[in-house]
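# A closer look at the structure
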Amino acid sequence: MRFGIKTLDEYDVKGKTVLCRVDINQPVDKATDTLKSINRIRGCVPTIRELSDKGAKVVLMAHQGSDIEYKNFYTTRPHAKVLQELLERPVQFIDDVCGPAAREAIKNLKEGEILLLDNVRFQSEEQTLFEMKLKLSHEDQAKTQVVTKLAPLGDLYVCDAFAAAHRDQPTLCGFEQVLPSAMGRLFEAEYCAVSKVMENPEHPCVFVLGGAKISDAFLMMETVLSRGIADKVLTGGLVANILLAAAGEEIGEGSLAFIRKSNYEDWIEKIKPLYEKYKDQIVLPKDLAYVENGERKEAKVGEIPAAAGLVDIGHEAVAEYQKIISEAKTVCVNGPMGIFEEAITEYGTKGVWDALAGTEAYTLIGGGDSVTATEKYNLKDKMSYICTAGGALIRFLSGEELPVVKALRHAAKTFD
Ligand code: 3PG
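On a predicted model such as this, the values are computed, not experimentally measured, just so you know. (Residues numbered from 1 in each chain as written. Predicted model: local features only at pLDDT ≥ 70, side-chain atom pairs only at ≥ 80, totals over all residues. Heavy atoms only, no water.)

Spatial strand order, β11-β10-β9-β15-β16-β17: six strands in an open sheet with parallel pairing. Pairing within the sheet leaves two strands with one partner each, and these edge strands are β11 (282-283) and β17 (385-386). Pairing of strand β9 (residues 205-209) with strand β10 (residues 232-235), which is carried by four bridges, proceeds in the parallel orientation. Note that in β10 the partner of V208 across the bridge is L234. (Pairing = 2+ DSSP bridges. Helix = DSSP H or I, 4+ residues; strand = E, 2+ residues; numbered from the N terminus.)

Moving on: empty space enclosed by the protein. Here the idea is plain: a probe the size of a water molecule rolls over the atoms and shows the empty space left. For the structure on display, the rule yields one cavity of 30 Å³ or more. As a volume, the largest cavity reaches approximately 40 Å³. What lines the largest cavity is simply E125, F130, E131, L136, Q141, D168, Q169 and P170. (1 Å grid on protein atoms, 1.4 Å probe; cavity = no way out; pocket = protein on both sides within 12 Å on 5 of 7 lines; lining within 4 Å. Points joined across faces, edges and corners; volume = space filled by probe spheres on them.)

With the rule as written, the count across this model stands at 24 salt bridges. E50 serves as the salt-bridge partner of K54, at 2.7 Å between the closest nitrogen and oxygen. For K54, a relative accessible area of 37% corresponds to the partly exposed category. Among the residues examined, E50 registers a relative accessible area of 16% and is labelled buried. Across the salt bridge formed by E316 and K300, the nearest N and O atoms sit 2.7 Å from each other. One end of the pair, E316, is in helix α15 (residues 315-326); the other, K300, is in strand β13 (residues 295-300), and 16 residues separate them in sequence. (Salt bridge = Lys/Arg side-chain N within 4 Å of Asp/Glu carboxyl O. Buried < 20%, exposed > 50% of the residue type's maximum accessible area, 1.4 Å probe, protein only.)

Further remarks concern the packing of α15 against helix α16 (residues 347-358). Relative to each other, α15 and α16 sit at 15°, their axes nearing to 9 Å. Accordingly, the angle class assigned to the pair α15 and α16 is roughly parallel. As α15 packs across α16, the resulting crossing turns out to be right-handed. The segment α15 lies against α16, with H315, V318, Y321, Q322 and I325 engaging Y347, G348, G351, V352, A355 and L356. Here the residues of the contact of α15 with α16 are counted per class, giving seven nonpolar, four polar and no charged. (Axes fitted to C-alpha atoms, helices over the stretch in contact; angles between N-to-C directions. Parallel < 35°, antiparallel > 145°, perpendicular 65-115°, else oblique. Left-handed = near helix turned anticlockwise from the far one by under 90°. Contact = heavy atoms within 4.5 Å. Nonpolar A, V, L, I, M, F, W, Y, C, P; charged D, E, K, R; others polar.)

Considering all chains together, one arrives at eight aromatic pairs under this definition. Ring geometry for F162 versus Y191: centroids 6.3 Å apart, planes at 65°, classification edge-to-face. One end of the pair, F162, is in the loop between β7 (156-159) and α8 (170-173); the other, Y191, is in helix α9 (residues 185-199), with 29 residues separating them in the sequence. Taken as a pair, F162 and Y191 share a single burial class, namely buried. Members of the aromatic cluster, connected to one another through ring pairs, are F3, F162, F187, Y191 and F396. Across the ring face of W267, the terminal group of K270 is positioned such that the distance to the ring centre comes to 4.1 Å. (Phe/Tyr/Trp six-rings, centres within 6.5 Å; stacked < 30°, edge-to-face > 60°. Lys NZ or Arg CZ within 6 Å of the ring centre and 35° of its normal.)

A word on the sheet that holds strand β12 (residues 287-292). Spatially, β13-β12-β14 is the arrangement adopted by the three strands of the open sheet, whose pairing is antiparallel. Edge positions in the sheet fall to β13 and β14 (310-313), since each of these pairs with one other strand and no more. Across the sheet, the axes of successive neighbouring strands diverge by a mean angle of 35°, strand direction being ignored. Summarising the sheet, β12 and β14 pair through three bridges and their orientation is antiparallel. Counterpart to L288 in the pairing with β14 is I313. Set on the sheet, α15 makes contact with β12, β13 and β14; between it and β14 the angle comes to about 40°.

With that settled, the discussion passes to the layout of surface pockets. Computed from the structure, the second largest pocket encloses a volume of approximately 370 Å³. Around the second largest pocket sit 21 residues that line it, and G237, L238, F258, G338 and I339 are the ones nearest its centre. Those elements giving two or more residues to the lining of the second largest pocket turn out to be α11 (237-246), α12 (253-261) and β14. Sort the elements by how many residues they give to the lining of the second largest pocket and β14 lands first, with four residues. When its residues are assigned to classes, the lining of the second largest pocket shows eleven nonpolar, seven polar and three charged.

Below, the discussion takes up α9. For α9, with 15 residues, the first-to-last C-alpha span of 20 Å sits near the 21 Å given by 1.5 Å per residue. Of the residues making up α9, those classed as buried are L186, F187, E188, E190, Y191, A193, V194, S195, V197 and M198. (Expected span 1.5 Å × (residues − 1).)

Let's shift gears to helix α19 (residues 403-414). For α19, built from twelve residues, the straight-helix expectation of 16 Å at 1.5 Å per residue is met to within 8% by its first-to-last C-alpha distance of 16 Å. Residues P403, V404, V405, A407, L408, A411 and A412 constitute the buried set of α19. On its buried side, α19 packs onto α6 (138-141), β7, α8, β8 (181-183) and α9.

Where helix α2 (residues 45-53) contacts helix α3 (residues 77-87), the axes come no closer than 11 Å and their chain directions differ by 70°. Viewed along their axes, α2 and α3 adopt a mutual orientation that is roughly perpendicular. Between α2 and α3 lies a crossing of right-handed hand. Residue-level contacts link V45, I48 and R49 of α2 to L83, L86 and L87 of α3.

Looking now at the site of the ligand. Neighbouring the ligand are D23, N25, R40, H63, R121, T128, A163, H166 and R167. At 2.6 Å from an oxygen atom of the ligand is found a side-chain nitrogen or oxygen belonging to D23. In this structure, an oxygen atom belonging to the ligand sits 2.5 Å away from a side-chain N or O atom of R167. Look at the ligand: alone it shows 310 Å² of surface, and the protein chains cover 78% of it. Its residues assigned to classes, the shell around the ligand shows one nonpolar, four polar and four charged. (Near = heavy atom within 4 Å. Polar contact = N/O pair within 3.5 Å; in protein donor to acceptor, adjacent residues only side chain to side chain. Areas by Shrake-Rupley, 256 points an atom, 1.4 Å probe, with all protein chains shown as cover.)

This is the structure:
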């Protein structure tokens with residue numbers, strides 16, 4: 001048992017039907033109908049392989065999201081193919097979630113066999129809009145279709161979906177009410193890695209927060225500063241631009257237009273008290289980059305042209321951030337410094353990522369864009385831990401007990 005949750009070590013799974021919830025939600029290229037990354041699919045391979053090797057009948061449940069929440073109409077069929085290649089053993093797929101076809105396929109499984117069910121969000125009760133609107137308790141989630149139809153076929157529920165642990169949905173929190181449950185190996189590893197940063201970070205502990213997900217970044221910033229977890233927070237991307245505007249600095253009309261278009265304008269006022277309180281620890285870039293006539297230009301804060309649209313941090317900021325990172329013992333990263341996808345605007349992200357790769361500090365990288373940047377610069381082996389979670393990591397680092405953690409703890413207390 002770890003963190004009040006049972007692990008796979010506590011169960012003999014031979015001959016047992018294991019209902020295993022994984023997070024293999026990947027960006028989909030709609031034009032070619034293919035998965036843009038297989039990072040998360042790779043992440044849950046150890047758990048699936050272990051269960052299959054130990055003779056379990058493995059039933060995989062997973063969601064595949066899309067950019068618009070209620071349009072989760074993408075099948076998990078391609079994921080089964082990728083899993084099969086990674087596991088080097090057959091992975092069956094059934095285009096059903098909990099109907100008669102799925103149940104029949106589960107009953108027919110033999111020891112060691114693996115079956116992936118279709119996108120669980122084809123069930124409306126599994127959708128995030130349903131979750132937000134109805135806020136079902138975990139007891140009520142156990143009464144939903146998916147749990148009442150599938151749980152009687154299972155002996156054990158395993159959750160390996162740390163990346164979805166912030167979602168309060170039946171395949172994540174309902175089975176723990178009615179079946180003995182454990183976390184999978186990826187869940188365990190990710191929980192350990194993020195707890196290390198939350199509970200006992202070696203100091204100096206530096207957070208690097210960038211990207212465009214403002215509310216997540218500010219929520220996290222407040223928690224890590226108020227709890228004394230972070231000694232310094234280095235900022236980039238839209239996070240830095242909003243803080244600069246809150247500090248009364250010119251950030252250029254282009255940046256302001258983007259902030260307005262994204263409906264983030266209120267944040268400029270809202271974030272002022274946090275910035276005032278932690279001014280000495282929140283590091284803003286001293287210079288920034290913008291593009292003019294197709295060329296990269298940089299200007300110091302205070303000299304940003306009124307028409308500019310900021311796209312990256314500048315050379316002076318990169319040098320300062322590199323120095324701070326080199327003196328840190330723990331660095332936690334969420335979000336790039338600018339538009340790293342394009343050559344003329346990637347300098348800041350590349351420079352910071354090089355410093356992360358070069359430091360002896362414990363480096364934790366989380367969030368889709370940060371992982372993509374790490375892959376782009378071929379630095380995966382140089383980071384201490386790359387978390388598959390984005391939203392869940394932020395919620396965890398914001399101090400919340402994640403719904404899935406709560407449900408797994410409940411199961412640990414309820415079942416032998
Ligand atoms: C994620 O990508 O953060 C998880 O897979 C959860 O996906 P969702 O935001 O579609 O619930």
